Amino acid sequence: MYVTRNSEDTFLFASAIGAHLLPGDTVLLYGDLGAGKSVFARGCARVLGVFDEMASPTFTLMQPYKGKTGANVYHFDLYRISDEDEFFASGLQDHIGTDGVSLIEWPQQADVCPEKRIEIDIVRAEDFDGREIEINMFGMDDREEIILSSVRRWEKI
Ligand code: ADP
Ligand code: MG
């Protein structure tokens, strides 16, 4: 488990992970409203060269960005999906696992779960700005170790 002290710290934590992401990767972001999923998504995107302001894509379900590193970033927020058919009918899921890094808030709303994925679970800690973060990786193979070593300074001992 990892601990961040404030939103800037979560942003940096996410940047450390984002630095290792490649087109085709997917990050699933779990956590309650206000947990910091969007902060995390911005940190990941920034290190991939996205300098645009990233508003919450609440009405579009997915907002694409072109990072200055050349990477596409697909920022999904599935919070408002009422049923998953609505999402699958949109075709937006076709971006996942292809030519960009997909950052997906509320993936459970549409049962999105590609085989290769990083799951991030953010929970409020007892003190106001603290967050406890879990990382679980699936199918990331030889990148798992380097990703974990890049966030070691946030590890709770
Ligand atoms: P979510 O997308 O999970 O609904 P947001 O990222 O939009 O949440 O908002 C998180 C809010 O909590 C922001 O206002 C942010 O400033 C605040 N915050 C306070 N502490 C933290 C922290 N450690 N990590 C992330 N956000 C934090
Ligand atoms: Mg959000």
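The following paragraphs examine the structure supplied in this document.

Here is what the cut-offs are and how they apply
- Residues numbered from 1 in each chain as written.
- Chains lettered and ligands numbered in written order.
- Predicted model: local features only at pLDDT ≥ 70, side-chain atom pairs only at ≥ 80, totals over all residues.
- Heavy atoms only, no water.
- Salt bridge = Lys/Arg side-chain N within 4 Å of Asp/Glu carboxyl O.
- Helix = DSSP H or I, 4+ residues; strand = E, 2+ residues; numbered from the N terminus.
- Buried < 20%, exposed > 50% of the residue type's maximum accessible area, 1.4 Å probe, protein only.
- Patch = residues over 30% accessible without salt bridge, like charges linked within 9 Å, V, L, I, M, F, W, Y side chains within 5 Å.
- Areas by Shrake-Rupley, 256 points an atom, 1.4 Å probe, with all protein chains shown as cover.
- Lys, Arg positive; Asp, Glu negative; His and termini not counted.
- Charge placed at Lys NZ, Arg CZ, Asp CG, Glu CD.
- Pairing = 2+ DSSP bridges.
- Axes fitted to C-alpha atoms, helices over the stretch in contact; angles between N-to-C directions.
- Contact = heavy atoms within 4.5 Å.
- Near = heavy atom within 4 Å.
- Polar contact = N/O pair within 3.5 Å; in protein donor to acceptor, adjacent residues only side chain to side chain.

### With respect to the pattern of salt bridges
What the rule picks out here adds up to 6 salt bridges. Between Asp 25 and Lys 116 there is a salt bridge; the shortest N-O distance is 3.2 Å. With Asp 25 in the loop between α1 (7-18) and β2 (26-30) and Lys 116 in the loop between β5 (100-105) and β6 (117-124), this residue pair connects regions lying 91 residues apart in the sequence. Put simply, Glu 119 and Arg 117 hold a salt bridge, and the shortest N to O gap is 2.8 Å. Residue Glu 119 is classed as buried on the basis of its relative accessible area, which comes to 17%. Its relative accessible area of 12% is what places Arg 117 among the buried residues. It is possible to trace a salt-bridge network through shared partners that takes in Asp 25, Lys 116 and Arg 143.

### A short note on a negative patch on the surface
There is a patch of like negative charges on the surface, built from Asp 83, Glu 84, Asp 85, Glu 86 and Asp 111. Along the polypeptide, Glu 84 turns up in helix α3 (residues 84-90). On the basis of relative accessible area, Glu 84 is assigned to the partly exposed category, the value being 31%.

### Some points on the sheet that holds strand β7 (residues 131-138)
In a beta sheet, neighbouring strands are held together by backbone hydrogen bonds and run either parallel or antiparallel to one another. Strand order across the open sheet formed by 7 strands is β1-β7-β6-β2-β5-β4-β3, with mixed pairing between neighbours. Edge positions in the sheet fall to β1 (2-4) and β3 (62-66), since each has one partner strand and no second. Mean inter-strand twist for the sheet, computed between neighbouring axes without regard to direction, equals 20°. Relative to strand β4 (residues 72-77), β3 runs antiparallel, the two sharing 5 bridges. Counted as the bridge partner of Pro 64 is Tyr 74 from β4. Along the sheet face, helix α2 (residues 37-47) touches β2, β4, β5 and β6 and points at about 170° away from the line of β5.

### Considering the site of ligand 1
Thr 10, Gly 34, Lys 37, Ser 38 and Asp 129 are the nearest of the 15 residues found near ligand 1. In this structure, Lys 37 approaches ligand 1 through a side-chain N or O atom, which is 2.7 Å from an oxygen atom. Separating an oxygen atom of ligand 1 from a backbone N or O atom of Ser 38 is a distance of 2.9 Å. When ligand 1 is considered free in solution it has 570 Å² of accessible area, and contact with the protein chains removes 74% of it. Among the elements of the structure, α1 and α2 are those that each provide at least two residues to the shell around ligand 1. Of the residues forming the shell around ligand 1, the biggest block, 3 residues, is contributed by α2.

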